[in-house]
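Each chain is listed here by its residues.
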Amino acid sequence: MVTHQYRLATPVIDDDNNRTKQPRRTVNDGEVNTNTVFLSGRKKTRNVSGPVSSTSQWWLVVPCLILITLASAPDLLILNDFIVRRYERQYGLDVSDRSQRTTCHQSSTSTPDYWYLHEYTSTGTDYNIVQQNAAKFNVKNSVATLIPSLFAIVLLGSNCDTIGRRPLLFLPFTGKVVRYSLMLIIITHDLPDGWLMVAHACEALFGSFGIVMLSALAYITDCTHESKRTRPFLIAEVVTLVARVVPVLAVGLWLQHFLYTIPTSVCLGLSVIGMLYVLFIQPESVQNMRNKSLILQITSIRLQPIIHCIQVFLVKRPGHNQQHLLLISITNILLLLMLFGYMSMFSLFAYGRPFCMNALDVGLLATTHAISACLFTLIITLLRKQQLDKAYSLPIIGLLALVSDLLLFGLAKSTWLLYMGAFIGSFFFITMPILRSKLSRLVEPHEYAIVFIAAAFIEAGGDKAMEAVSNAIYNASLHFLPGLVFLVLALLGLFPLLIMSYLAFSEKKTIPIISTINNTKV
């Protein structure tokens, strides 16, 4: 039997003049796995295990989040502007001054009633072709990247606890480098839409932003105590929101007068920096992988952990913990579907009639969303001294804020309503970190990454599926109610609202996992 030696806590010294050496004894693997060691003549049991990653600081993963966010944030804006401009040129509807969107404005009526209830002008009918073709491209692009995205998240995500966190931080940056390199070729040679789909599919094979977020959340969980985990989650969420502001504004301003080569090159440079950071600086938080090279970690990927991803939700747990684990996971998935559907239509909807926003306007709208979310998060974190995840009141309020945002977008006929919706909806970003914290308190430490895989699975696969569905709804309803897609997403919010209301009522029946460190509740 393989044995290990562990140094136990220093015993109480009765005589100040006599220094007693720390006792040693051999501990077998059975005792290590139970986190207890039987001692004679003292307390019955004594903990011998420490935190999973006692030498790593949770904030060391923040630069990875910042770099992947800086590189990814302008993706939708650049792609949307590129596609809309391409179809405007194809149908002879482009103008020399991109900041004015003259053709789009001329096609919108000035009537105080809802513009889509009135008869279109010939220009309006023509301009709808641009929006329809852009929506059709988004559907095709989403379908083309769906399978590679699902493959990457299932294979990489399920192995996160086995191969460590660093591979899941490194590979998405590699995918970004491949994509932006291909994008530069496409932009330079004006290649057809099919090449755009190939570039996005290649990126999806290496994972996406969701893979980085999954690994970052698992890394933070490894390096933090259970009772202090919500605030790091919130900080990580706020960092990603703040990091979106600068690139979106900068790209929006740039696209007013210039094209895509420079912003794409900057995103490529950020991706290369991210690869180098993970390769040379980012530590590993999974102990048995700390001394292995990144290549050895990647080659340790296996198919067996995929089965464990399903089993973790079927394990019998005390009290109502298993039920709550399933329901919180379902709630998390539904909320992500709503969010992804909303974000996938954000730019294209704002570009269309009657708003006719340009790239800078969309950037300002997205900035309003991000800054408001940061302010709300900061205020709540400072005012609430107790644990933020003790109740479901904040997640429910956040969900209602998102539903209000969707309703305002769906019924808006003026630009200021979009800004109001973005401001109100920003409170939703307090919801996800709290639910993630609640999830981590219902499982064992070795299951941390696996319970986040359901969210990451939806973030990769559900993102593409919802983008396809949302664009299809928008394309079908463009002639009578373009905001219908947002109303459908708002209706979807009824299900997580009912689930969280039930969870809030029955939470007192759950039995928290007891940490082996100081016997504290998780």
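Each remark here, short or long, concerns the structure printed above.
Here the structure is a predicted model, which is why all the values come from computation and not from measurement. (Residues numbered from 1 in each chain as written. Predicted model: local features only at pLDDT ≥ 70, side-chain atom pairs only at ≥ 80, totals over all residues. Heavy atoms only, no water.)

1. Notes on the overall build of the chain
Reasoning step 1: For the chain, the count of helices and strands is 21 helices and 4 strands.
Reasoning step 2: Summing over all exposed atoms, the chain offers an accessible surface of approximately 23000 Å²; the carbon and sulfur share of this is 66%. (Helix = DSSP H or I, 4+ residues; strand = E, 2+ residues; numbered from the N terminus. Areas by Shrake-Rupley, 256 points an atom, 1.4 Å probe, with all protein chains shown as cover.)

2. Concerning a nonpolar patch on the surface
Reasoning step 1: On the surface, a nonpolar cluster with roughly 480 Å² of combined accessible area is contributed by V272, L276, L279, F280 and I281.
Reasoning step 2: By the element assignment, L279 lies in helix α11 (residues 261-280). (Patch = residues over 30% accessible without salt bridge, like charges linked within 9 Å, V, L, I, M, F, W, Y side chains within 5 Å. Salt bridge = Lys/Arg side-chain N within 4 Å of Asp/Glu carboxyl O.)

3. Some points on helix α18 (residues 431-440)
In an α-helix, one turn spans 3.6 residues, which is why side chains three or four residues apart end up on the same side.
Reasoning step 1: Judged by how many residues are buried, α18 sits mostly within the fold: 10 of 10 residues are covered.
Reasoning step 2: Here α18 has its buried residues at T431, M432, P433, I434, L435, R436, S437, K438, L439 and S440. (Buried < 20%, exposed > 50% of the residue type's maximum accessible area, 1.4 Å probe, protein only.)

4. As for helix α3 (residues 75-90)
Reasoning step 1: Helix length check: α3, at 16 residues, gives a terminal C-alpha distance of 22 Å against a target of 22 Å (1.5 Å per residue), a fit within 8%.
Reasoning step 2: With 13 of its 16 residues buried, α3 lies for the most part within the structure.
Reasoning step 3: The first or second residue beyond α3 is G92, which carries a positive phi of 70 degrees. (Expected span 1.5 Å × (residues − 1).)

5. What about the pattern of salt bridges?
Reasoning step 1: Summed over the entire model, instances satisfying the criterion amount to 9 salt bridges.
Reasoning step 2: Where D81 meets R85, a salt bridge forms, and the shortest distance between an N and an O atom there is 3.4 Å. Of this pair, D81 and R85 both sit in helix α3, 4 residues apart, which is roughly one turn of that helix.
Reasoning step 3: A relative accessible area of 1% means that D81 is categorised as buried.
Reasoning step 4: Across the pair R179 and E203 runs a salt bridge, and its minimum N-O distance is 3.2 Å. Here E203 lies in helix α8 (residues 193-205) and R179 lies in helix α7 (residues 166-189), a separation of 24 residues in the sequence. For the pair formed by R179 and E203, the shared burial category is buried.
Reasoning step 5: Counted as one network, the salt bridges with shared partners bring together D75, K176, R179 and E203.

6. Structural notes on the packing of helix α14 (residues 321-351) against α18
Reasoning step 1: At a closest axis distance of 10 Å, the pairing of α14 and α18 adopts a crossing angle of 155 degrees. Of the possible angle classes, the one that applies to α14 and α18 is roughly antiparallel. Once α14 is placed against α18, the crossing between them reads as left-handed. Between α14 and α18, the residues in contact are L325, I328, S329, T331, N332, L335 and L336 and T431, M432, L435, K438 and L439, respectively.
Reasoning step 2: Here the residues of the contact of α14 with α18 are counted per class, giving 7 nonpolar, 4 polar and 1 charged. (Axes fitted to C-alpha atoms, helices over the stretch in contact; angles between N-to-C directions. Parallel < 35°, antiparallel > 145°, perpendicular 65-115°, else oblique. Left-handed = near helix turned anticlockwise from the far one by under 90°. Contact = heavy atoms within 4.5 Å. Nonpolar A, V, L, I, M, F, W, Y, C, P; charged D, E, K, R; others polar.)

7. Here we look at unusual backbone geometry
Reasoning step 1: Of note in the backbone geometry, D190 takes a positive phi value of approximately 50 degrees without being a glycine.
Reasoning step 2: Structurally, D190 can be placed in the loop between α7 and α8.

8. Some details on the packing of aromatic side chains
Reasoning step 1: Applying the stated criterion across every chain yields a total of 14 aromatic pairs.
Reasoning step 2: Ring pairing ties together the aromatic residues Y342, F346, F349, F355, F409, Y474 and F486, which thus form one cluster.
Reasoning step 3: One cation-aromatic arrangement involves R244 over F209; the distance from NZ or CZ to the ring centre is 5.7 Å.
Reasoning step 4: One Lys or Arg, K438, reaches over the ring of Y392 and ends 4.3 Å from the middle of that ring. (Phe/Tyr/Trp six-rings, centres within 6.5 Å; stacked < 30°, edge-to-face > 60°. Lys NZ or Arg CZ within 6 Å of the ring centre and 35° of its normal.)

9. Some details on the nonpolar core
Reasoning step 1: Membership of the largest hydrophobic core comes to 79 residues, with the highest contact counts inside it found for I83, L196, Y342, L406, F409, L418 and F486.
Reasoning step 2: The dominant element in this core, judged by the number of residues it contributes, is α14, at 17 residues.
Reasoning step 3: Other than its neighbours up to four places away in sequence, I83 contacts A134, F137, D193 and L196.
Reasoning step 4: I163, L184, I211 and A216 belong to the second largest nonpolar core, which has 42 residues in total. (Core = buried A, V, L, I, M, F, W, Y, C linked by side-chain atoms within 4.5 Å.)

10. Some points on the environment of D361
Reasoning step 1: Assignment of secondary structure puts D361 in helix α15 (residues 359-383).
Reasoning step 2: Spatially, the C-alpha atom of D361 lies 9.7 Å from that of S347, the residues being 14 residues apart in sequence.

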